[in-house]
Amino acid sequence: MQEQRVIQKNDEIINHFKFIFEKGEHEGEAYEVLMEVDCKNPVCTCGDVWFFVRSISSKTEMNYSFLLDIENKEISKNIINKLSLIELNFARSFIADLKDQNWQDFYRYFYSYKSELTKNIDNFDDLKIDFPLEDIEYAGLMIGYSDIFPFGKNFSFFYKEKNYVIEDQYCLDIQCNCTHSLLILIEINGQKAIDEGFSPAFFLNYKNKKWEIENNPFNNSDIMDAMVAELIKSIPNIFDIIKQRHKILKRLYKNFKDERFPDIDKGEQRSKNKIGRNDPCPCGSGKKYKKCCGS
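Residues numbered from 1 in each chain as written. Predicted model: local features only at pLDDT ≥ 70, side-chain atom pairs only at ≥ 80, totals over all residues. Heavy atoms only, no water.

1. Section: the overall build of the protein chain
Next up, step 1: Secondary structure assignment for the protein chain yields 6 helices and 14 strands.
Next up, step 2: Here the analysis covers contacts within the protein chain between residues at least 6 apart in sequence; of these, 52% occur between residues at least 24 apart. (Helix = DSSP H or I, 4+ residues; strand = E, 2+ residues; numbered from the N terminus. Contact = heavy atoms within 4.5 Å.)

2. Structural notes on the confidence of the model for the protein chain
Next up, step 1: For the protein chain, per-residue confidence averages 86 on the pLDDT scale, and residues scoring 70 or more make up 82% of the total.
Next up, step 2: Low pLDDT, under 50, characterises residues 1-11; the predicted model gives this stretch 35 contacts beyond four residues in sequence or across chains.
Next up, step 3: When the criterion is pLDDT under 50, residues 269-274 qualifies, and its contacts beyond four places in sequence or with other chains add up to 11 contacts. (pLDDT = per-residue confidence, 0-100.)

3. A short note on the sheet that holds strand E3 (residues 16-20)
Next up, step 1: Read from one edge of the open sheet, 5 strands run E3-E4-E5-E6-E7, paired in antiparallel fashion. The open sheet has two free edges, formed respectively by E3 and strand E7 (74-75), since each of these has just one partner strand.
Next up, step 2: Looking at chain direction, strand E6 (residues 63-69) and E7 are connected through 2 bridges and run antiparallel. Its bridge partner being in E7, Asp69 is matched across the sheet by Glu74.
Next up, step 3: Against the sheet, helix H2 (residues 100-119) contacts E3, strand E4 (30-37), strand E5 (48-55), E6 and E7, and its axis sits at roughly 35 degrees relative to E4. (Pairing = 2+ DSSP bridges. Axes fitted to C-alpha atoms, helices over the stretch in contact; angles between N-to-C directions.)

4. Structural notes on unusual backbone geometry
Next up, step 1: In the Ramachandran plot, Lys73 falls in the positive-phi region, its phi being about 55 degrees despite a non-glycine side chain.
Next up, step 2: Mapped onto the elements, Lys73 comes out in the loop between E6 and E7.
Next up, step 3: By relative accessible area, Lys73 is classed as partly exposed at 42%. (Buried < 20%, exposed > 50% of the residue type's maximum accessible area, 1.4 Å probe, protein only.)

5. Description of helix H5 (residues 221-234)
Next up, step 1: Given a rise of 1.5 Å per residue, 14 residues ought to cover 20 Å, and the 20 Å separating the end C-alpha atoms of H5 matches this to within 8%.
Next up, step 2: The secondary structure elements touched by the buried residues of H5 are strand E9 (155-159), strand E10 (162-170), strand E11 (180-189), strand E13 (201-205), strand E14 (210-215) and helix H6 (238-260).
Next up, step 3: N-cap assignment for H5: the residue whose side-chain oxygen lies 2.8 Å from the backbone N of Asp222 is Asn220. (Expected span 1.5 Å × (residues − 1). Polar contact = N/O pair within 3.5 Å; in protein donor to acceptor, adjacent residues only side chain to side chain.)

Put into structure tokens, the structure is as follows:
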């Protein structure tokens, strides 16, 4: 297949390309393809993308449109029963002629589009998100920013020639006044995470700009301190970023509770109100209450 890849120019993913069949009943036919992401919700992970296809090699102009699930590399279940037999057969021929690189390019376009939507959210109150309420309220579960915004920008930095991305997690308990985030450092090789079973992690307090080691696989605090220092040097505005992310996630969680469980805090006294200062903090940090939310 020639000139089949999605065009990339100046890091911008373009949503149109030329497609030439290499096999099957359409072998040798050339088409112009325009892609459009179906779902405009920045937090939705469905991989449905519209493909609008126009013949550019036939005297008789042929147009096709179909919806592909690029995550599962198939015709979307949302459209398969609505396609005409001609469109269905063409879509199947189209899929059969694709290579792995094509699917990767389609996903790059999809991810780029969703990332732009995430970056340009005007009103977070318009987002409808489900949270694991019981785990947050009663088990102190911390929620990762990427769990809610899967297409948001990830932190990354280099230390000792190794590349790390950061999973930042937050306490969303409305009654908690903590000002820290749990940052987990995940080593990346190419596009894949290296699973060593015990990733380094630390709590970063955006209010006092201090940190506290949580998981240290090196058994050497100097190494961890050096990693954190390098991270802060690489991303000097990280304190402002995690503060803003914490604010956004707590706001979304409050909206979720107010809409779905408006009386949850009215019918019972929260156990946190009775907690001792030397007891574990209910936000899930593992620290004593007096050194965390009770400070």
